[in-house]
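This is what each chain is made of:
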Amino acid sequence: MDEAALDQAFRALKTVLGARATRAKAHRIGYSRDWSPRHSSHIDLPDIVVVPKTTDEVVEIVKIAYRHRVPVVPFAGGTGMGGGVAAWKGGIAVETKGFDQLLELDEANMMVTTQAGITIWALNEELARSGLWFPHQPESKRACTIGASIGCDNDSTFGLRYGKILDYLSNVVMVTGKGEALRIGRRKAAFSSTGYKLLDLVVGSEGTLGVVTEATLRVFPLPETRLVRGYVCRSLDDGLRSLERVLAGGICVESAHLNCRQRLHFYTHAYREKYQREPDIPDWAEAILFLSFAGDEDVVNFSLEKATRILLDHFGAEETKEQEMVDGWWASKHSLDFIPFRQKWPDSQREKKFGAADLGLPIGRVEEAYQRFLEIASKWGQDILGMTVYNEAPNKPTASISFAVFVDDSSEESVANFYNYVKEMSAMALEMEGTMSSYIGDGDRLGGFNELEHGDSYIYMKRIKEMFDPGGIFNPGKKFESRWITGA
Ligand SMILES: Cc1cc2nc3c(=O)[nH]c(=O)nc-3n(C[C@H](O)[C@H](O)[C@H](O)COP(=O)(O)OP(=O)(O)OC[C@H]3O[C@@H](n4cnc5c(N)ncnc54)[C@H](O)[C@@H]3O)c2cc1C
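Focus: the sheet that holds strand E17 (residues 383–390)
One open sheet accounts for seven strands, arranged E15-E12-E14-E13-E17-E18-E16; its pairing is antiparallel. Looking at strand neighbours, the two that pair on one side only are strand E15 (318–319) and strand E16 (353–361), the edges of this open sheet. Sheet topology places strand E12 (residues 225–233) next to E15; two bridges connect them, and they run antiparallel. Paired with Val 232 across the strands is Glu 318, a residue of E15. Along the sheet, helix H12 (residues 323–333) makes contact with E12, strand E13 (255–260), strand E14 (287–295) and E17, crossing E12 at roughly 115 degrees.

Section: the layout of surface pockets
In this structure, the second largest pocket occupies an estimated 760 Å³ of space. Every residue lining the second largest pocket is counted, 28 residues in all, and those nearest its centre are Val 203, Gly 204, Ser 205, Asp 442 and Lys 479. Elements that contribute at least two residues to the lining of the second largest pocket include exactly helix H7 (198–202), helix H15 (450–454) and helix H16 (458–468). Broken down by class, the residue content of the lining of the second largest pocket amounts to 10 nonpolar, nine polar and nine charged.

A closer look at the sheet that holds strand E6 (residues 111–115)
Judged by pairing direction, the sheet is antiparallel, and its five strands sit side by side in the order E5-E6-E10-E8-E9 without closing on themselves. This sheet does not close on itself; its edge strands, each paired only once, are strand E5 (102–106) and strand E9 (181–185). Neighbour-to-neighbour, the strand axes of this sheet turn through a mean angle of 10 degrees, independent of strand direction. Pairing analysis gives four bridges linking E5 to E6, with the strands arranged antiparallel. Bridging from a neighbouring strand, Asp 106 pairs with Met 111 of E6.

Digging into the packing of helix H8 (residues 236–248) against helix H11 (residues 297–315)
Orientation of H8 relative to H11, taken along the N-to-C sense of each, is 130 degrees, at an axis distance of 10 Å. Accordingly, the angle class assigned to the pair H8 and H11 is oblique. As for the relative orientation of H8 and H11, their crossing is right-handed in sense. Contact with H8, carried on its side by Asp 238, Arg 241, Ser 242, Arg 245 and Val 246, involves Ala 307, Ile 310, Leu 311 and Phe 315 of H11 and no other residues of that element. Residue composition of the contact of H8 with H11, by class: five nonpolar, one polar and three charged.

A look at the site of the ligand
Looking at the ligand, there are 31 residues lining it, with Pro 74, Thr 79, Glu 139, Ser 140 and Asp 155 nearest. Here an oxygen atom of the ligand and a backbone polar atom of Gly 80 are 2.9 Å apart. Measuring from a nitrogen atom of the ligand, one finds a backbone N or O atom of Val 212 at 2.9 Å. For the ligand, whose free accessible area comes to 980 Å², the fraction covered by protein is 95%. Elements supplying a minimum of two residues to the shell around the ligand: strand E3 (72–75), helix H5 (146–152) and strand E10 (211–218). Of the residues forming the shell around the ligand, the biggest block, three residues, is contributed by H5. Split by residue class, the shell around the ligand holds 15 nonpolar, 13 polar and three charged. The two domains that each donate at least three residues to the shell around the ligand are domain 1 (3–98) and domain 2 (102–221).

Structural notes on helix H3 (residues 55–68)
Relative to the 20 Å expected for 14 residues at 1.5 Å per residue, H3 spans 20 Å between its end C-alpha atoms, a close match to the ideal helical length. When you tally the buried positions in H3, you get 10 out of 14 residues, the bulk of the element. Every buried residue of H3 is accounted for by Thr 55, Glu 57, Val 58, Val 59, Ile 61, Val 62, Ile 64, Ala 65, Tyr 66 and His 68. Trailing H3 by a residue or two, Arg 69 shows a phi angle of about 50 degrees, which is positive.

Digging into the environment of Leu 6
When you line up the elements, Leu 6 lands in helix H1 (residues 3–17). On a C-alpha basis, the gap between Leu 6 and Phe 191 in space is 43 Å, while along the polypeptide they are 185 residues apart. Not counting the four nearest positions on each side in its chain, Leu 6 is found in contact with Met 1, Arg 23, Asp 47, Ile 48 and Val 70.

As for the pairing of E10
With seven of eight residues buried, E10 is to be regarded as a mostly interior element. Sheet topology note: the E6/E10 ladder contains five bridges and is antiparallel. Its bridge partner lying in E10, Thr 114 is registered against Ala 215. Sheet topology note: the strand E8 (residues 169–175)/E10 ladder contains six bridges and is antiparallel. Along E10, the bridge assignment pairs Met 174 with Val 212.

Describing the domain arrangement of the protein
Segmentation of the protein into domains returns domain 1 (3–98), domain 2 (102–221) and domain 3 (225–333). Measuring from the centre of the C-alpha atoms in domain 2 to the corresponding centre in domain 3 gives 30 Å. Every contact between the two is made by seven residues of domain 2 and, on the other side, 15 residues of domain 3. Summing both partners gives a buried area of about 880 Å² for domain 2 against domain 3, and 57% of it is carried by carbon and sulfur. Interface area lost by domain 2 to domain 3 is led by Glu 139, Leu 160 and Arg 161, which between them contribute 60%.

Side note on the nonpolar core
Nonpolar side chains in soluble globular proteins tend to be buried together. The biggest cluster of nonpolar side chains holds 79 residues, and the ones touching the most others in it are Val 50, Phe 134, Ile 146, Ile 150, Val 172 and Leu 217. Looking at this core, the element that brings in the most residues is H3, giving seven residues. When sequence neighbours within four positions are dropped, the list of residues in contact with Ile 150 reads Ile 165, Leu 169, Val 172, Val 202, Val 203, Gly 204, Ser 205, Val 212 and Ala 215. Core analysis: the second largest hydrophobic core is formed by 55 residues, Leu 291, Ile 310, Tyr 421 and Leu 446 among them.

So, the pattern of salt bridges
Following the criterion strictly, the structure yields 28 salt bridges and no others. Of the charged contacts in the structure, one is a salt bridge between Arg 20 and Glu 57, with a shortest N-O distance of 2.8 Å. Here the residue Arg 20 occupies a position in the loop between H1 and strand E1 (21–22), and Glu 57 occupies one in helix H3, the gap between them amounting to 37 residues. Arg 20 gets classed as partly exposed once you look at its relative accessible area, which sits at 25%. In this structure, Lys 379 and Glu 424 form a salt bridge, with 2.9 Å as the shortest nitrogen-oxygen distance. Placement of the pair is Lys 379 in helix H13 (residues 366–379) and Glu 424 in helix H14 (residues 412–431), with a sequence separation of 45 residues.

Rules used throughout
- Residues numbered from 1 in each chain as written.
- Predicted model: local features only at pLDDT ≥ 70, side-chain atom pairs only at ≥ 80, totals over all residues.
- Heavy atoms only, no water.
- Pairing = 2+ DSSP bridges.
- Helix = DSSP H or I, 4+ residues; strand = E, 2+ residues; numbered from the N terminus.
- Contact = heavy atoms within 4.5 Å.
- Axes fitted to C-alpha atoms, helices over the stretch in contact; angles between N-to-C directions.
- 1 Å grid on protein atoms, 1.4 Å probe; cavity = no way out; pocket = protein on both sides within 12 Å on 5 of 7 lines; lining within 4 Å.
- Points joined across faces, edges and corners; volume = space filled by probe spheres on them.
- Nonpolar A, V, L, I, M, F, W, Y, C, P; charged D, E, K, R; others polar.
- Parallel < 35°, antiparallel > 145°, perpendicular 65-115°, else oblique.
- Left-handed = near helix turned anticlockwise from the far one by under 90°.
- Near = heavy atom within 4 Å.
- Polar contact = N/O pair within 3.5 Å; in protein donor to acceptor, adjacent residues only side chain to side chain.
- Areas by Shrake-Rupley, 256 points an atom, 1.4 Å probe, with all protein chains shown as cover.
- Domains from an automatic or database assignment.
- Expected span 1.5 Å × (residues − 1).
- Buried < 20%, exposed > 50% of the residue type's maximum accessible area, 1.4 Å probe, protein only.
- Buried area = accessible area lost by both parts, 1.4 Å probe.
- Core = buried A, V, L, I, M, F, W, Y, C linked by side-chain atoms within 4.5 Å.
- Salt bridge = Lys/Arg side-chain N within 4 Å of Asp/Glu carboxyl O.

Rendered as structure tokens:
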């Protein structure tokens with residue numbers, strides 16, 4: 001970084017933000033990494049941290065950064081798994097949780113407009129007072145913000161009923177590369193056939209096109225009842241086909257998660273601690289499908305009974321014997337009181353990090369992909385944590401898959417092997433007509449490979465970036481470069 005430019009930018013930021021602009025190392029350390037596996041020698045201190053509270057303040061910050069050509073990296077909960085917030089080219093970390101106010105609850109239209117730094121947890125606490133909820137809920141919802149959900153296009157426990165963030169989003173305010181606050185989207189309408197769909201560009205842009213400061217989102221009535229059940233299946237493929245059949249039968253399923261046996265072991269840690277025994281899963285079972293149903297009690301009971309009959313009668317599945325195991329799994333997914341470092345191993349990730357290749361695949365390739373995962377992981381010496389298939393589009397099975405391993409991030413070699421593993425898994429996804437990332441994003445891992453995935457349209461992505469961010473200041477080193485994974 002050009003030190004003179006940084007000094008000038010810092011002085012200008014001080015005049016706008018006072019004590020909310022700092023170069024103190026103690027503050028900068030808090031913005032030096034996310035939850036992606038990396039060795040301690042590879043953490044990146046931003047040069048400056050700023051804590052704006054309004055869109056106008058973000059506008060001023062970006063104007064200063066543009067004038068001095070200093071990078072700007074939006075930072076939210078810091079729970080990203082791909083290095084999206086890594087300031088490896090230096091610059092200004094923008095703490096987005098400073099703008100966290102709910103601006104309008106429009107119950108007549110079932111819309112909420114909020115500043116983008118609010119966490120999903122806090123938004124839901126506010127909505128619950130009016131009997132409403134925002135069902136887009138990654139497990140990390142206690143720390144993860146609305147702005148970051150838009151930024152990295154993450155997924156949600158309830159994706160099978162409600163979809164991904166774009167399914168809720170009507171418009172955003174985004175501060176672009178010259179410090180212009182743009183309202184992008186379709187006001188409060190659910191769809192629009194006019195113009196180009198710029199909102200789609202914002203989703204998943206990982207802070208490379210601008211800082212999202214406000215969002216208008218659809219909200220829903222809180223369901224009266226929820227039931228969660230587990231089914232052991234003879235294969236992963238059977239699990240997905242049975243879900244297809246349940247949905248084709250007209251049943252409304254709120255969430256569906258298909259786990260391999262190893263992954264269940266990870267999720268049932270709390271169960272084993274509490275009951276001092278392994279969950280009772282038959283030897284023949286290759287997969288465990290968890291379904292949840294929510295709504296009015298009689299409808300939920302009927303849906304559960306009908307879905308169970310389909311699974312048992314048509315696919316030879318069995319209901320899991322212990323509801324405690326199912327409840328323990330659900331608690332780890334949904335009620336997760338995620339407080340970093342206060343949880344027990346393995347949830348705390350103190351000893352080893354959870355690392356994943358997050359691939360989007362055609363649903364017919366899941367079984368084959370699982371076998372290849374076992375081979376590729378063992379080739380790179382990875383300690384297998386297991387695979388989960390998430391369903392992230394309303395009312396249809398989709399394969400957004402987490403292929404997870406434990407990474408010993410105290411060893412540089414182990415971290416390097418993890419990224420070799422991700423590289424080979426990504427190549428497999430493209431070979432199988434899928435995508436390299438379905439919910440984590442490029443971060444500082446995959447950008448250099450986007451040309452492989454997107455072919456000739458990649459050049460249009462570069463042009464779009466230049467239009468929104470002519471100074472190239474927004475989150476440099478992402479989308480078009482890879483830091484860890486090299487070579488095509
Ligand atoms: C325990 C745990 C559970 C998790 N569960 C899930 C899960 O169920 N589903 C899932 O998809 N992921 C999950 N993740 C990964 C991660 O939580 C999500 O990707 C989440 O969206 C990151 O949110 P964050 O607020 O921590 O964002 P950060 O890591 O701070 O930022 C993520 C990206 O968004 C950009 N960004 C942030 N705010 C803005 C903004 N206002 N404008 C523009 N860009 C912005 C950042 O620059 C960065 O590129 C989990 C992680 C952990 C540690």
